[in-house]
Amino acid sequence: MSLLKTENVVMQFGGVVAVNDLNIDIKKGELAALIGPNGAGKTTAFNVITGVYAPTKGKVLFSPVDSVGVTNEIDITARKPNKITNLGIARTFQNIRLFKELTVMENVLVATHQNVDFNFLSATLRLPKAIRGELKAKQDCELLLDRMGLIDLKDEKASSLPYGQQRHLEIARALATDPQLLLLDEPAAGMNPQETDELTDLILKLKTDFGLTIFMIEHHMDLVMEISDHIYVLDFGCTIAKGTPDQIQNDPKVIEAYLGVDADVED
Ligand SMILES: Nc1ncnc2c1ncn2[C@@H]1O[C@H](COP(=O)(O)OP(=O)(O)OP(=O)(O)O)[C@@H](O)[C@H]1O
């Protein structure tokens, strides 16, 4: 069953067609990757999916399961980013965006605010509902940090964490919004081999233990080929290939796009 689909999405900036006729179909429980050379349109595609940009053409359709277990396809094209997060799509960014001066716990707590079931008045007046809500949010965050292997660091400042753990914290913040689809934008960027191995284990755990559907932009090909179920390849905004890791690795168009040489491409 599809969780996210894009239908003929085009995103144009003036004369630049950053994304051209993008058709993506991500199934529930799948780990899909979006790859392609620099400037291929990958982040732009994520920005259209998450409502940062309204596409020039095309649709984005999301089919989350609601609180009573019913799945409805929702047209999320050009909805506001916070509405899309509320519907169940969370993302991380190429550049880590933590509150560096806040603790690990505070960083995750801030991200949960949208799930907290009390309003400004009850929070200001410290009404029982607000106190219960705060307590529940704190317990949920501790549980999440525990599952993410960050619980022993909960009182550390985010800025004091090693780079790899900052990336894990960024993912924990995304998970705190209770997503059904997690978009990871270059999660392995800047990581050393050991950090990349730990990240690989974490992403697999998110898929198997958390039951998440994941869509990931990544340049680190070993990582992509090892864990992806399905791969989309963009070049100059166009989808030049889609398929399993085996199919993609042997596709001459993909080899040509990456190496910039004629690899006997058959039209
Ligand atoms: N806001 C914008 N205004 C104008 N052009 C843009 C904008 N955002 C992206 N572009 C252009 O769209 C194209 C695709 O950029 P995008 O950042 O999506 O590529 P990418 O595949 O994510 O690249 P990288 O791997 O380097 O992050 C590029 O030519 C880029 O300059």
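See above for the structure.
Since the model is a prediction, treat every value here as computed from it, not as a measurement.

1. Re the overall build of the protein chain
Step number 1: For the protein chain, the helix and strand inventory stands at ten helices and ten strands.
Step number 2: In the protein chain, buried positions account for 34% of the 267 residues.

2. As for the nonpolar core
Step number 1: Membership of the largest hydrophobic core comes to 65 residues, with the highest contact counts inside it found for Val108, Ala172, Leu182 and Ile214.
Step number 2: Residue contributions to this core reach at least three from each of two domains, namely domain 1 (1-88 + 179-267) and domain 2 (97-177).
Step number 3: Every residue in contact with Ile214, bar those within four places of it in the chain, is listed here: Leu31, Leu182, Leu184, Ile203, Leu206 and Lys207.

3. With respect to the sheet that holds strand β4 (residues 57-62)
Step number 1: One open sheet holds the four strands; their spatial order is β2-β1-β4-β5, and the pairing between them is antiparallel. The open sheet has two edge strands, β2 (16-27) and β5 (74-75), and neither has a second partner.
Step number 2: Taken together, the two bridges between β4 and β5 define a ladder with antiparallel strand orientation. Looking at the pairing, Phe62 lines up with Ile74 of β5.

4. Details of the site of the ligand
Step number 1: All residues in the neighbourhood of the ligand are listed as Phe13, Val16, Ala18, Gly36, Asn38, Gly39, Ala40, Gly41, Lys42, Thr43 and Thr44.
Step number 2: Listing elements by their share of the shell around the ligand, those giving two or more residues are β2 and α1 (42-49).
Step number 3: Each residue belonging to the shell around the ligand can be placed in one class, and the counts come to four nonpolar, six polar and one charged.

5. Focus on the pairing of strand β10 (residues 238-243)
Step number 1: Bridge count between strand β9 (residues 230-235) and β10: five bridges; the pairing is antiparallel. From the neighbouring strand, Leu234 faces β10, where its bridge partner is Thr239.
Step number 2: Joining the antiparallel neighbours β9 and β10 is a turn of two residues, in which Phe236 adopts a positive phi near 45 degrees.

About the criteria used
Residues numbered from 1 in each chain as written. Predicted model: local features only at pLDDT ≥ 70, side-chain atom pairs only at ≥ 80, totals over all residues. Helix = DSSP H or I, 4+ residues; strand = E, 2+ residues; numbered from the N terminus. Buried ≥ 20, exposed ≤ 12 C-beta atoms within 10 Å, placed from the backbone. Core = buried A, V, L, I, M, F, W, Y, C linked by C-beta atoms within 7 Å. Domains from an automatic or database assignment. Contact = placed C-beta atoms within 7 Å. Pairing = 2+ DSSP bridges. Near = placed C-beta within 6 Å. Nonpolar A, V, L, I, M, F, W, Y, C, P; charged D, E, K, R; others polar.

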